[in-house]
Amino acid sequence: MDARVKLVFTLVFLVCLNLTPSAAWPAYILFLALVISAALAAHLSPGLLLKRSLIALPFMLAALPLVFTGPAPTIILHLGKQELLFSITGLERFISIAIKMWLSVLTAVILGAATRFSALSNALLQLKAPRLLVTVITLMWRYLFVIIEEVTRMQRARSSRSASVPGRHRGGGSVWWRARVTGGMAGSLFLRALERSDRVYASMLSRGYSGDLPAGYVYPIPKSQKRLLLPGILVLFLIFVIGFLSGG
Amino acid sequence: MEAIAEIKDLSYTYPDGTRAISDIHFRVMPGEKLAVVGANGAGKSTLLLHLNGVLDGKGSIFINGMELAKKNLGVVRAFVGMVFQNPDDQLFSPTVFEDIAYGPIHQGFSRETVRERVEEALCAVHMNGFAARNPYHLSGGEKKRIAIATVLSMRPGLLVLDEPSAGLDPRARRELIELLQELPQAMLIASHDLDLVRRLASRTLLMNAGRIVHDDVTASVLGDEKLLFENGMA
């Protein structure tokens, strides 16, 4: 499928999903069904998707206080002399936020895994996303791998010297010392990244870089896929309406 | 005399399916300086990374009489001093002292022993007085010497050097060769620099497409123009 079509569907999906009110369980099930269908159509491994979607976990936990600060009705929990208010509505809201976050991340992961990065950045440009933003994302993506390679080489060199003495069980250094070494590595990596970026920028300038990355060729969206756009968006909107009517 | 390193039927395939080295077999004797030459992609660096267990291929590796295994990695890494091509990968501390002290501290030595080891290593690479310097601000040749000192502080029996003369100016290169000639440890040196190999190594392994295609005294390998040409070295 054309990257622009996928991107439009993903954006509309995210807007509809996140505007759906809390406790709209039927709508969440329908959204989940759509996500599963997309993953199946893209032949992506469920294990990989679940693993990558774990990135949503810290954000989900940020919503946990809602359980204890939500409105009435509340259940009073006795913890020794302390009392804790447990809100049913708060719990519903927390679960709704967690589901929406997880589905959002899962959708982004599917889009990323099923689309080449260059196609995605071109699609963003053609859909009139700010050029500077797309350039920053593209360069960040490209040099993320360069930095990962640098980190791998440094870790390899460090582990090559992480030695021990035969028969001596103690070793490995204190936690404080290891933290200092890791800090030193991070600092060294920062300096190297800075130097590297200077070299890369000089080489970009010498090849005529003027602030814009060259855009790829623009191919028209195939007619069969164009025809899918409107019904697809309508389906998403319909699920949103179902959610609006059934939610709390 | 017993070999200090013995590699038997070693093969390694990268996770993406690329066969990097196949059926590697050789021994390094104490004090021997052995060179590994070959074109880019011949598998030299991949081979070196097996010597201290950074990569784990099929086959067996014996270091100082021990078979290399997960349980003795720490001891093997003290015995096999790995000097990487880019010294910046190896030098990550704010001072030269801390970089050289990394190995001995990790080994659990006392503060006094660590200081002695650092002084000994700095002396061995003729860099006394550099302990308080920031490695980041040293020249290429100085960084290389300090990178060697970072492994000498663990008192290794075998030095493994990946392209030691890469990126050095003629003087730094000459001084490095003289330093490596002085050091008493056995060495395994991967290099494209045939002059360095001629001056340092008594024996040379010629690699091509992940295999050792020739193993002989250095003069014989480097004197055979046809052999070198066929294997991308001339």
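Residues numbered from 1 in each chain as written. Chains lettered and ligands numbered in written order. Predicted model: local features only at pLDDT ≥ 70, side-chain atom pairs only at ≥ 80, totals over all residues.

Undergrad: Sorry if this is basic, but what is going on with the overall build of chain A here?
TA: Within chain A, the secondary structure is distributed over ten helices and two strands. Scanning chain A from its N terminus toward the C terminus, one meets helices and strands in the order α-α-α-α-α-β-β-α-α-α-α-α. Compactness check: chain A gives a C-alpha radius of gyration of 25 Å against a globular reference of 18 Å for 248 residues, more than 25% above the reference. Over its C-alpha atoms, taken along the principal directions, chain A stretches across nearly 70 × 65 × 30 Å. In chain A, which comprises 248 residues, the share counted as buried stands at 21%. (Helix = DSSP H or I, 4+ residues; strand = E, 2+ residues; numbered from the N terminus. Rg over C-alpha atoms; globule rule 2.2 N^0.38 Å. Buried ≥ 20, exposed ≤ 12 C-beta atoms within 10 Å, placed from the backbone.)

Undergrad: I would appreciate a short explanation of the domain arrangement of chain A in the present structure.
TA: How big an interface is tends to be reported as the loss of accessible area on association of its parts. For chain A, the assigned domains read domain 1 (3-115 + 220-246) and domain 2 (130-158 + 185-217). The centre of domain 1 of chain A, based on its C-alpha atoms, is set 33 Å off from the matching centre of domain 2 of chain A. (Domains from an automatic or database assignment.)

Undergrad: Sorry if this is basic, but what is going on with the environment of R111 of chain B here?
TA: With respect to the helices, strands and loops of the structure, R111 of chain B is situated in helix 5 (residues 111-124). Along the backbone, R111 of chain B and A101 of chain B are ten residues apart, and their C-alpha atoms lie at a distance of 9.6 Å.

Undergrad: Sorry, what's going on with the sheet that holds strand 8 (residues 186-190) of chain B here?
TA: The pairing of strands in a sheet comes from backbone hydrogen bonds and takes either a parallel or an antiparallel form. Residues and elements named next belong to chain B. Read from one edge to the other, the open sheet built from six strands follows the order 6-7-8-3-9-10, with strand pairing classed as mixed. Across the chains shown, the open sheet's two edge strands, defined by having one partner strand only, are strand 6 (80-83) and strand 10 (211-217). Pairs of neighbouring strands in the sheet enclose a mean axial angle of 15 degrees, with direction left out of account. Judged from the five bridges that link them, strand 7 (residues 158-162) and strand 8 form a sheet pairing that is parallel. (Pairing = 2+ DSSP bridges. Axes fitted to C-alpha atoms, helices over the stretch in contact; angles between N-to-C directions.)

Undergrad: Teacher, can you tell me more about the pairing of strand 4 (residues 58-63) of chain B here?
TA: Successive side chains on a regular strand alternate, one facing one side of the sheet and the next facing the other. All names here are of chain B. The pairing of strand 1 (residues 5-13) with strand 4 spans five bridges and is classified as antiparallel. Across the sheet, S11 pairs through a bridge with K58, a residue of strand 4. As defined by bridge partners, strand 4 adjoins strand 5 (residues 66-67) across two bridges and the pair is classed as antiparallel. Bridging across to strand 5, F62 finds its partner in E67.

Undergrad: Before we go on, may I ask you to explain the packing of helix 1 (residues 3-19) of chain A against helix 7 (residues 117-126) of chain A in this structure?
TA: Between two packed helices, both the angle of their axes relative to each other and the distance between the axes serve to describe the pair. Residues and elements named next belong to chain A. Running from N to C, helix 1 and helix 7 cross one another at 70 degrees; their axes reach a closest spacing of 9 Å. When the interaxial angle is binned, helix 1 and helix 7 end up roughly perpendicular. Across the interface between the two elements, A3, R4 and L7 from helix 1 touch A119, L120, N122, A123, L124 and Q126 from helix 7. Within the contact of helix 1 with helix 7, the residues separate by chemical class into six nonpolar, two polar and one charged. (Parallel < 35°, antiparallel > 145°, perpendicular 65-115°, else oblique. Contact = placed C-beta atoms within 7 Å. Nonpolar A, V, L, I, M, F, W, Y, C, P; charged D, E, K, R; others polar.)

Undergrad: Just checking my understanding: could you explain the interface of chain B and chain A for this structure?
TA: Opposite the 24 residues of chain B that make contact, chain A presents 25 residues. Residue assignment for the side of chain B that touches chain A shows that the elements contributing at least two residues are helix 2 (73-79), helix 3 (87-90), helix 4 (96-106) and helix 6 (140-152) of chain B.

Undergrad: Teacher, can you tell me more about helix 2 (residues 25-41) of chain A here?
TA: An α-helix turns once every 3.6 residues. As a result, residues three or four positions apart point the same way. Residues and elements named next belong to chain A. Between the first and last C-alpha of helix 2 there are 24 Å, a value that for 17 residues agrees with the 24 Å anticipated at 1.5 Å per step. Listing the buried residues of helix 2 in full gives A27, Y28, F31, V35, A38 and A39. The buried residues of helix 2 all sit within an arc of 115 degrees when viewed along its axis, so they share a single face. Turned more than 90 degrees away from the buried face of helix 2, the exposed residues are I29, A33, S37, L40 and A41. Contacts from the buried residues of helix 2 go to helix 1, helix 3 (46-53), helix 6 (88-114) and helix 10 (223-246). (Expected span 1.5 Å × (residues − 1). Arc of directions from axis to C-beta.)

Undergrad: Explain the sheet that holds strand 4 of chain B to me, please; I cannot follow it from the model alone.
TA: With antiparallel pairing, four strands are arranged side by side in an open sheet as 2-1-4-5 (chain B). Each edge of the open sheet carries a strand with a single partner, namely strand 2 (19-28) and strand 5 of chain B.

Undergrad: Please explain unusual backbone geometry as it appears in this structure.
TA: Only a minority of non-glycine residues have a phi that is not negative, and only a minority of peptide bonds are not trans. Residues and elements named next belong to chain B. Positive phi, normally seen in glycine, also occurs at D23, with a value near 45 degrees. On the secondary structure map, D23 appears in strand 2. Phi is positive for N64, close to 50 degrees, though the residue is something other than glycine. Examined against the element boundaries, N64 turns out to sit in the loop between strand 4 and strand 5. The buried category is assigned to N64, around which 20 C-beta atoms lie within 10 Å.

Undergrad: Please explain the nonpolar core as it appears in this structure.
TA: Generally speaking, nonpolar side chains in soluble globular proteins are found buried as a group. Ranked by internal contacts, the top residues of the largest apolar core, which has 76 residues, are V36, V83, A149, L158, V160, L188 and I189 of chain B. For this core, the element with the most residues is helix 6 of chain B, which contributes six residues. Of all hydrophobic cores here, the second largest spans 22 residues; its members include A39, W102, L103 and L236 of chain A. (Core = buried A, V, L, I, M, F, W, Y, C linked by C-beta atoms within 7 Å.)

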